[in-house]
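Observations on the model geometry
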Amino acid sequence: MDERASLPVSLPVPNPTTSYWHTLTPPPLTLSPTHRSTPDLPSRCDTVIIGSGISGAAIAYNLLQSHNTTTTTSPPNILLLEARTLCSGATGRNGGHTKAASYRTFLSHISSLGLDQAIKIARLEHNNIKAVHSFAKTNNIQCDLFEGDTTDVIYDAAQWDEAKEAVHKMKEVFPGDDPVGRYILLGKEELERDYFVHDYDYEGKREEVRGGVRYAAGGLSAYKFVMGLLRSMEGKGLNVQAETGVSEVKRDGEGGGWVVKTGRGEVRAGRVVMATNGYTAGVMPEVFQGVVVPLRGQITAHRPGSKMAKKVCLDTTYSFIYEGGYEYMITRPEGSELEGDVIMGGGLVRGEAEEGLREFGVSDDSGLNQGISEYLRETTARYFGRDWGDDDAEGRIRQEWTGIMGFSPDGFPFVGEVPNQKGLWVSTSFQGHGMVLCWMCADALVKMMRGTEEEELKKWFPDIFRITEERLKKRFKGRLS
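Residues numbered from 1 in each chain as written. Predicted model: local features only at pLDDT ≥ 70, side-chain atom pairs only at ≥ 80, totals over all residues. Heavy atoms only, no water.

**A few points about the packing of helix H4 (residues 103-113) against helix H5 (residues 115-138)**
- Two elements in contact, H4 and H5, have axes whose closest approach is 7 Å; the angle formed by their N-to-C orientations is 140°. Comparing the axis directions of H4 and H5 gives the class oblique. In the crossing of H4 with H5, the sense of the turn from one axis to the other is right-handed. Contact with H4, carried on its side by Phe106, His109, Ile110 and Leu113, involves Leu115, Gln117, Ala118, Ile119, Ile121 and Ala122 of H5 and no other residues of that element.
- Classifying every residue of the contact of H4 with H5 gives eight nonpolar, two polar and no charged. (Axes fitted to C-alpha atoms, helices over the stretch in contact; angles between N-to-C directions. Helix = DSSP H or I, 4+ residues; strand = E, 2+ residues; numbered from the N terminus. Parallel < 35°, antiparallel > 145°, perpendicular 65-115°, else oblique. Left-handed = near helix turned anticlockwise from the far one by under 90°. Contact = heavy atoms within 4.5 Å. Nonpolar A, V, L, I, M, F, W, Y, C, P; charged D, E, K, R; others polar.)

So, in structure tokens, the structure goes:
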């Protein structure tokens, strides 16, 4: 793993695989993917945000909102830079799942961090999902939102036992009507009858359904969500510049702030925020090389089988959990473009040699891992068996693509001001769970930047998410489960 973590991280490549989400018809009044608010870059601004995914957009929104509620002066001058087209990184290439699965980490968080921090993480994840859904509805962002439940189908006996223990503990810690503790255990017969899943054979091993867990989650097009959010800030203090890659961020010897170098010129700013996730070490390797390690993930869009098409919009999303790994799945909701399409991601440990570890350190999303492709193409028919039916006449697979995630040594995000780098802020490294972490982390980061709400933050924001010198010194070992 030292070898994978030490691989130089590239900036986003210019020719990525085409994300399914980028091919769908955009809603009216959205920004162009190549949008530039002004023809030229400003020479100076208050704040530069690098990255136009959900983190960058949410940080910009919170900065503007913070200004609007505390002052009547002119809006701040915020510049948001994106290397490629807008929202073309992990947010625009994910599986469309808003799902926390907090029970799967709750016991280990109690063991390693203590009950107080475990509670804060679980509640943040739940609140993040609800906040994103609520924001989309309140602001009429057309992003194919689905609100409902998800179901984890568990094939590994040990993980099923741990799941039952974790659910019991969460119900104890979050009792009664507390939604954070709402988990429903499902038996094998119920899963086969009502959720259409079955035992299956894989490489000579019989994978048996052991049980399942149902709980609140959802799905959406994160790409449409972010593009709608960026559109809402146009002309209100945010200057958006697509296709403007950042090659270097360095201290400004003249003004005491920062100089951001791009292929279109330099910008001086008092503050820089890196919302760069898996590409963070590519922008500032001297701090983040081997600390925020990219991992290339892979996703497929399946046309529904003949029997699945009759169930066209399942009332649940899924994860399929087996020894050492998992897949996650949503179906496109009723009334959406290509409704009923099945989006399936994961499969890292089912790929080629070394259980997918060769995808760590990869920051190039222009290609596919063929071993993972072959595996993911078969997942729908494998999991649903006789309930899948015949493949669509045009073929099972509509599209395949990859995206770059960011992973940290301890498995938690880095949020806050970089130690010994005054004015350089980060919200990054979300371990493939950005849709249940980024929104609340952006809120926390802006509160830190304001410097006036520390006591309030301590009540809900996990200490382990804060960037520290100690965390930056940890050795990366890699984690896929």
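Here the narrative resumes.
**Some details on the state of the cysteines**
- Inspection of the entire model under this criterion finds zero disulfides.
- You can see cysteine 87 has no disulfide; the closest cysteine sulfur is in cysteine 438, sitting 11 Å from it.
- We classify cysteine 87 as buried; its relative accessible area is 1%.
- In this model cysteine 441 remains outside any disulfide bridge; the closest cysteine sulfur is found in cysteine 438, 6.8 Å from its own. (Disulfide = S-S within 2.5 Å. Buried < 20%, exposed > 50% of the residue type's maximum accessible area, 1.4 Å probe, protein only.)

**What about H4?**
- Among all positions of H4, only Tyr103, Phe106, Leu107 and His109 are buried. With its buried residues spanning 165° around the axis, H4 presents them on a single face. Residues of H4 that are exposed and point more than 90 degrees away from the buried face comprise Ser111 and Ser112.
- Remark: glycine 114 follows H4 within two positions and exhibits a positive phi of approximately 100°. (Arc of directions from axis to C-beta.)

**A word on the nonpolar core**
- Counting residues in hydrophobic clusters, the biggest one holds 67 residues, and the most contacted among them are Phe225, Leu230 and Phe461.
- If one sorts the elements of this core by residue count, helix H14 (residues 438-450) sits on top with ten residues.
- In contact with leucine 230, not counting residues within four places along its chain, are Leu31, Ser52, Ala57, Leu80, Leu86 and Leu238.
- The next biggest cluster of nonpolar side chains, apart from the first, holds 32 residues, and it includes Tyr155, Leu186, Val197 and Val293. (Core = buried A, V, L, I, M, F, W, Y, C linked by side-chain atoms within 4.5 Å.)

**Here we look at the pattern of salt bridges**
- With the rule as written, the count across this model stands at 36 salt bridges.
- With its nearest N and O atoms 3.6 Å apart, the salt bridge here joins glutamate 248 to lysine 261. Remark: lysine 261 occurs in strand S11 (residues 258-262) and glutamate 248 occurs in strand S10 (residues 246-251); sequence separation between them is 13 residues.
- Classification of glutamate 248 as partly exposed rests on a relative accessible area of 32%.
- Put simply, lysine 261 and glutamate 266 hold a salt bridge, and the shortest N to O gap is 4.0 Å.
- By relative accessible area, lysine 261 is classed as partly exposed at 24%.
- On the basis of relative accessible area, glutamate 266 is assigned to the partly exposed category, the value being 39%.
- One salt-bridge network, in which partners are shared between bridges, spans Glu248, Asp252, Lys261, Glu266 and Arg268. (Salt bridge = Lys/Arg side-chain N within 4 Å of Asp/Glu carboxyl O.)

Take it as geometry only, folks, not as evidence of what the structure does.
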